[in-house]
Amino acid sequence: MKIAVEKGQDKALLADGRQTVSITNIDEGSSEYKGIPFFAVRFENEDGYVSHRFYQSPAGMPAIVNLFEMAGIPVEEGKDLDTKQLIGKEMTIEVGERSYTDPESHNERTLKQAVNFLAS
């Protein structure tokens, strides 16, 4: 079997800690469990990448607002945010792990994710 390796797929996950990254890709979807819309951001540098989901919910909005502000994109009440504006933006993130209980299987899962978005 031949398996094609596309651009960026040959990179490892970023190490835990502070990383200066660029946003290279954004995918959209909805959560598997409750159908909540999200966008997944790929943060990348020469050492690797990490992806992080931002859920469009009342609890998720502070993280979304913080992401846009750290990317230098103004956030104004009553105006829509466009995730396409994030592509190519650079920032510093903190990479770490978060564990949670999967609501369907009740098994514990651990994700590597980005937190603490800082202006570069």
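Here is a short report on the structure shown in this document. (Residues numbered from 1 in each chain as written. Predicted model: local features only at pLDDT ≥ 70, side-chain atom pairs only at ≥ 80, totals over all residues. Heavy atoms only, no water.)

So, about the pairing of strand β2 (residues 37-45). The buried fraction of β2 amounts to 8 of the 9 residues, a majority that puts the element mostly inside the structure. As paired elements, strand β1 (residues 17-30) and β2 share 8 bridges and run antiparallel to each other. Paired with I26 across the bridge in β2 is V41. Here β1 folds back onto β2 in antiparallel fashion, the turn holding 6 residues, of which G35 has a positive phi close to 70°. Looking at chain direction, β2 and strand β3 (residues 48-55) are connected through 8 bridges and run antiparallel. Bridge pairing in β3 places R42 opposite S51. Turn length for the β2-β3 hairpin, with the two strands adjacent in sequence and antiparallel, is 2 residues. (Buried < 20%, exposed > 50% of the residue type's maximum accessible area, 1.4 Å probe, protein only. Helix = DSSP H or I, 4+ residues; strand = E, 2+ residues; numbered from the N terminus. Pairing = 2+ DSSP bridges.)

Here we come to the packing of aromatic side chains. As enumerated under the stated definition, the model contains 2 aromatic pairs in all. Ring plane angle 15° and centroid distance 5.2 Å describe the contact between F39 and F54, whose orientation is recorded as stacked. Separated by 15 residues along the polypeptide, F39 in strand β2 and F54 in strand β3 bring together distant segments of the chain. Each member of the pair, F39 together with F54, is buried. (Phe/Tyr/Trp six-rings, centres within 6.5 Å; stacked < 30°, edge-to-face > 60°.)

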